Amino acid sequence: MARSIWNGTITFGLIAVPIRVHSATESHTIHFHQVHAKDGARIKQKRICSKERKEVPYEEVAMGYEVRGGEFVMLEKDEIDAAAGDRSRTIALEQFVERTEVDPVFYDRVYYLGAGDDGQDAYRLLHDALERSGRAGIGRWVFHNREYLVAVRPLNKFLVLHTMRFADELVSADKLEIPSPSRRPSDRELEMAEQLVSSLQKAFRPSAFKDSYRDRVRDLIARKAKGEEIELPAPEKAEAPGDLAAALEASLGKRRS
Amino acid sequence: MPRALWSGSLSFGLVNVPVVMVPAVRDLDLHFRQLHAKDGAPIDVQRWCSKEDVEVGWDEIDRAFELDDGGQVIVTDEELEAIEPRRTRTIEIESFVDLSEVDPIYFDHPYYLLPASGDDGSARAYRLLTDVMARTERAALGQFVMRAKEYLAIVRSHDGALMLSTMLFADEVRDGNDVENAAQKSHKPSAQQLKAAAAVIEELSGKWEPGEWKDRYRRRLRDVVARKRKGQTIKAPKPREAVPEMPDLMAALEQTLADMREGKSDKRREKQEA
């Protein structure tokens, strides 16, 4: 069994759903260590006091918030933790919303939920009721000394929990400077573009996509381990199409032939 | 205008749209610097060699991959660049999918794509792609390389702009088979329980108004800093009272509905308070 990273209770009204939180994602990025080029020895980081020029043990580290150039308000780590908020280990679902109303851009990290001790009935009840209603529950979650806005929704047999981005963290599209074309795309161009989109339409199969770069990094490491030399290719450059309609036509022709 | 993180082109068929990528998320977190508690002096992080015990400059640092046998392979920046694919400056649209078919679990980090140049051809191609995806409620899938990592991306129309979200690869989403106690057949709720739960959910339902949900953590942290600056001491808040235990599900559902009818617990207002 995967170890849970948090145990607590989800509530809605007076209904309590004991849950355990598990990671739903895992990174496969290949990690490197920093080493000293000269002798290949591992690099370690040292915290040095800029005044005394001496190493600072972790217990003597405080946190500074810079209020103006070089002037800091100093806080102990537990003073910062005090901002986390209520630590009662509950996530109260305060509101339920239509899942389709929540744009995925609001979802940040994702976790699987499992039922906690004696919570299977309540878990299944919340799961089924959310599935039927097409809704997600919104609440607050204190995790690792920080409060998150979260959404709880059903996914297959699971309840999943997403931490969410706040509205003010998102850049609004109307703040972007998007140049307007001299004229709107013509009906013919739209029609051709739609045909092209349709011709490239597929069912979403996530497993069809592979991180081939990750494989190449692995391969590079294997080749270097055998002492091989690596060659350098040149990048290519793309240009905007002069004639949009012609490019669309040619694309459609290319696909038909 | 936010700084471009990537520039290249978005291509579908023979249509190329030169684009730049800018962040769709801004960092509003408060950032702290480590200080030496004793004298308040900022702490510098230095890199030291674990063998020689001397400080090491950036130009003397290599990247090493540790092998299973304990040995290591040194990999240079140039070598990593050399294995980046040729399409490194292109987001090649491989397919279009119905947006509703892509579960949000795959969405990772959002960005906007903007036309890279002011020329009319780019602006029109950009507009065309935005319009056609909005009309068809479809999104484009493609892969690209940014900062030495290959990404799967979904590009869609978002308020008149092209939004790109990096996505998790299928093998980065765990299957969850090791999560104990997901929804189980043997714990199926009764029709009566389900009806009551649906009524509670209905009662607590509202429109998704993202702007109503404020980052209270950020606000409290600012407050902590401000109070500390004035010389006040900071104490952790007391935990809220635990929810009363109601082990009987049906009883909890009924009591909740009864409270709601009496207007005792208008939970929807709670999110407004601190």
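What you see is a predicted model; the values in this text were computed from it and never measured. Every residue gets a number counted from 1 within its own chain, in the order that chain's sequence is written. Labels follow written order: the first chain is A, the first ligand is 1, and so on. Where local features are concerned, this predicted model is filtered to residues with pLDDT of at least 70; where side-chain atom pairs are given and counted, the filter is 80 or more; whole-chain, interface and lining totals use all residues.

Can you break down the overall build of chain B residue by residue, with the values?
Looking only at helices and strands, one finds 5 helices and 11 strands in chain B. Every radius of gyration here is taken over C-alpha atoms, with the globule rule written as 2.2 Å times N^0.38, N being the number of residues. A globule of 274 residues ought to have a C-alpha radius of gyration of about 19 Å, yet chain B, at 27 Å, is considerably larger. Projected onto the principal axes, the alpha-carbon positions of chain B cover approximately 70 × 60 × 50 Å. Relative to its full complement of 274 residues, chain B shows a buried share of 35%. Placing a C-beta atom from the backbone of each residue, one calls two residues in contact when those atoms lie within 7 Å. Restricting to contacts in chain B with at least 6 residues of sequence separation, those with at least 24 account for 60%. Here a helix means four or more residues in a row that DSSP labels H or I, a strand means two or more in a row labelled E, and each is numbered from the N terminus. For the exposure call, what matters is how many other C-beta atoms sit within 10 Å of a residue's own: 20 or more marks it buried, 12 or fewer exposed, and in between partly exposed, using C-beta atoms placed from the backbone.

Tell me about the interface of chain B and chain A, and name the residues and values.
In many reports, interface size means the accessible area that the parts give up when they come together. Contacts between chain B and chain A engage 160 residues on the former and 157 residues on the latter. A per-element tally of the side of chain B that touches chain A places helix α2 (residues 120-136) of chain B first, with 11 residues. Residues are grouped as follows: nonpolar covers Ala, Val, Leu, Ile, Met, Phe, Trp, Tyr, Cys and Pro; charged covers Asp, Glu, Lys and Arg; every other residue, Gly included, is treated as polar. Each residue belonging to the side of chain B that touches chain A can be placed in one class, and the counts come to 82 nonpolar, 31 polar and 47 charged. Bridge analysis of strand β4 (residues 43-49) of chain A against strand β4 (residues 43-49) of chain B gives 7 bridges, and the strand direction is antiparallel. In this analysis, strands are considered paired if DSSP registers two or more bridges between them.

Can you lay out the domain arrangement of chain B for me, pointing to particular residues and giving the numbers?
The domain boundaries here were taken from an automatic or database domain assignment. Domain assignment breaks chain B into domain 1 (6-28 + 83-172) and domain 2 (190-203 + 246-263). Taking the mean C-alpha position of each, domain 1 of chain B and domain 2 of chain B sit 45 Å from one another.

Tell me what's going on with the nonpolar core, and back it up with residues and numbers.
Ranked by internal contacts, the top residues of the largest apolar core, which has 113 residues, are Val160(A) and Leu113(B). Other than its neighbours up to four places away in sequence, Leu113(B) contacts Leu10(B), Val19(B), Met21(B), Val155(B), Leu162(B) and Leu164(B). For the purposes of this analysis, a nonpolar core is taken to be any set of buried Ala, Val, Leu, Ile, Met, Phe, Trp, Tyr and Cys residues that are connected through C-beta atoms within 7 Å. Among the nonpolar cores identified, the runner-up in size contains 15 residues, and Ala62(A), Met63(A), Ala83(A) and Tyr217(B) belong to it.

Can you lay out the pairing of strand β10 (residues 149-158) of chain B for me, pointing to particular residues and giving the numbers?
Sheet faces and side chains relate simply in a regular strand, where the side chains alternate between the two faces. Residues and elements named next belong to chain B. Counting buried positions along β10 yields 9 of 10 residues, so the element is predominantly enclosed. In the sheet, strand β9 (residues 138-146) pairs with β10 via 7 bridges, with the strands oriented antiparallel. Bridging from a neighbouring strand, Val145 pairs with Glu150 of β10. Count of turn residues in the β9/β10 antiparallel hairpin: 2 residues, of which Arg147 carries a positive phi of about 40°. Here β10 runs beside strand β11 (residues 161-167); their pairing, made up of 7 bridges, is antiparallel. Paired with Ser157 across the strands is Leu162, a residue of β11.

Summarise the domain arrangement of chain A; cite the residues concerned and give the values.
Here chain A is partitioned into domain 1 (6-27 + 87-168) and domain 2 (184-200 + 244-257). Taking only C-alpha atoms into account, the centre of domain 1 of chain A sits 43 Å from that of domain 2 of chain A.

Could you give an account of the sheet that holds strand β8 (residues 107-115) of chain B, with specific residues and numbers?
Across a sheet, strands are paired by hydrogen bonds formed along the backbone, either parallel or antiparallel in direction. Taken in spatial order, the 7 strands line up as β1-β2-β8-β11-β10-β9-β7 (chain B) and close into a barrel, and their pairing is mixed. Within this sheet the neighbouring strands show an average axis-to-axis angle of 40°, counted without direction. Axis definition: a line fitted to C-alpha atoms, limited for helices to the stretch in contact. Angles are taken between N-to-C directions and run from 0 to 180 degrees.

So what's going on with the confidence of the model for chain A? Residues and values would help.
pLDDT expresses how confident the predictor is about each individual residue, on a scale running from 0 to 100. Within chain A, residue pLDDT values average 91, and 94% of them lie at 70 or more. Strand β11 (residues 158-164) of chain A holds the highest mean pLDDT among the elements of chain A, 98, whereas helix α5 (residues 244-256) of chain A holds the lowest, 78.

Mind laying out helix α3 (residues 187-199) of chain A, listing which residues take part and the relevant values?
Residues and elements named next belong to chain A. Given a rise of 1.5 Å per residue, 13 residues ought to cover 18 Å, and the 18 Å separating the end C-alpha atoms of α3 matches this to within 8%. Considered for burial, the residues of α3 that qualify are Glu189, Met192, Ala193, Leu196 and Val197. Projected down its long axis, α3 carries its buried residues within an arc of 140°, all on one side. Turned more than 90 degrees away from the buried face of α3, the exposed residues are Asp187, Arg188 and Ser198. Here the expected span of a helix is defined as 1.5 Å times the quantity of residues minus one. Arc definition: it is the arc formed by the directions from the helix axis to the C-beta atoms.

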